[in-house]
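Breakdown of the fold
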Amino acid sequence: MVTARARRPSRRDTTRHMQSPNSTKPELKLLLAAPRGFCAGVDRAIRIVELALEKYGAPVYVRHEIVHNRFVVDSLKAKGAVFVEELHEIPPGPAPVIFSAHGVPKSVPADAAARNMFYLDATCPLVSKVHIEAERHYAEGRHILLVGHAGHPEVIGTMGQLPPGAVTLIETLADAEALEPDEPKQLAFITQTTLSVDDTAEIVAVLQRRFPSIATPHKEDICYATTNRQAAVKAIASRVERMIVVGAPNSSNSLRLVEVASRAGCPDSMLIQRASDIDWSRFQGISTLGITAGASAPEVLVDEIIAAFRERFDVVIEEVVTKVERIAFNVPRELRGKAAAPDRADLG
C-alpha cells in the first residue's frame, strides 16, 4: 500500500513556510521516498563503533569501512575510530577491532585470535543468516551457487565461510545459463542481501528451470531494507522527472536503487553523495524531483540536499510511504547495558 502523508514540521519545512508569497523561484514538487536511509543492520554497526569508543576509549580499529558511506566513516574517524583494510595494519595493544557490517571470511576472526586481538563482530544479522545457510547446505553435501557481485565485501565474506571451490558465484543470467555443475541434483542457491529484487528473480528463475531440485533459501536472502527501498522508489519513479539516490558509489544497495528508478519510469536517475556534488545543469526547468537514500546514507545528507534545492526552488515536499519499518538488532553482549548511542540522524 502506498500512502502520501503530510510531514511533521521540521527545519526543512519551516524554510518553505517562510518564503515570500512573491517568490520568483520556480516551483518544485519533491517526492520523498519512505522508507529510505539507514537500515537496522547499518544502525547496529555504527552503534557498535560508537559504544566501543565510549566503553574502551580511542582508538578503536575497524576493518574495512563499517558501512559504505564516506560521511559516516569520516564522522566516526573524528570520534576516534581508525579504519584499516587488513589486521596486520593494527599495532599490538589492547584496542578492540570491529568487523564491518558486510561480514568477513572465517579466516579473519581466526587471524585476529592468532594475534590475540579482542574483536567485535558488526556483521549484519541478515548477512550472518546467509552464512549459516551456506554452511548448512555444505554440510548436507550440496554445492552452493551464490548470486552476487564479484569483489563486494559481502560476497567475499560469504564465500569465505566455506572451503575454496565449495561456492560458485553467479553474477548474470548468462552465468546461470552457462553453468555446468558436476552434480546438478546436489545444488543450493543463496544470494547477496543487497541485490536488485527483479534481477535476482530472473536469475533464480533460470537456475530453477535448469536445476528443478535446487535447494532454496528458507526465507528470502535479499534483506527487508533492500526490498522496501526498491519498492518505495518504484512507487514514485514514474511521477518525477529526475531521481536522486543519496549514497556512495561503492554501496551496492544504493547503486541498485538508481537502476530500479531508471527501469521504473525515471530514466534520468543519479547517485549523489553530497549536495556539493549536484550538477545543477541537470535540473534546469524541472518541476518534479524524487529523492531516496541507500541503506548506509544518513538522513542528514538528505536534509542537506533538500536545503540545496530550497535555495533555488520553491519546494513543496510530499513523503510517499510504502512501508513502516520497526526492526532493530541487538549489539554484542560485550556492549550491552551502555547508554544509548547518539542519534544517527546527524552523526555530529
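The structure we're discussing is the one just above.
Residues numbered from 1 in each chain as written. Predicted model: local features only at pLDDT ≥ 70, side-chain atom pairs only at ≥ 80, totals over all residues. Heavy atoms only, no water.

**Let's talk about the pairing of strand S7 (residues 143–147)**
Among the five residues of S7, four are classified as buried, and the element is accordingly described as predominantly covered. Examined bridge by bridge, S7 and strand S9 (residues 187–191) share five bridges and lie parallel to one another. Within S9, the position partnered with Leu 146 by the bridge is Ile 190. Tracing the backbone out of S7, into helix H6 (residues 153–159) and back to the parallel element strand S8 (residues 167–170) gives a crossover that is right-handed. (Buried < 20%, exposed > 50% of the residue type's maximum accessible area, 1.4 Å probe, protein only. Helix = DSSP H or I, 4+ residues; strand = E, 2+ residues; numbered from the N terminus. Pairing = 2+ DSSP bridges. Right-handed = clockwise from strand over helix to strand, strands pointing away.)

**Section: the pairing of strand S12 (residues 288–293)**
Here S12 lies mainly inside the structure; six of its six residues are buried. Residues Thr 288, Gly 290 and Thr 292 point to one face of S12 and Leu 289, Ile 291 and Ala 293 to the other, with burial holding for every one of them. The pairing of strand S2 (residues 27–34) with S12 spans four bridges and is parallel. Looking at the pairing, Leu 31 lines up with Gly 290 of S12. The pairing of strand S10 (residues 242–246) with S12 spans five bridges and is parallel. Bridge assignment links Ile 244 to a residue of S12, and that residue is Ile 291.

Take it as geometry only, folks, not as evidence of what the structure does.
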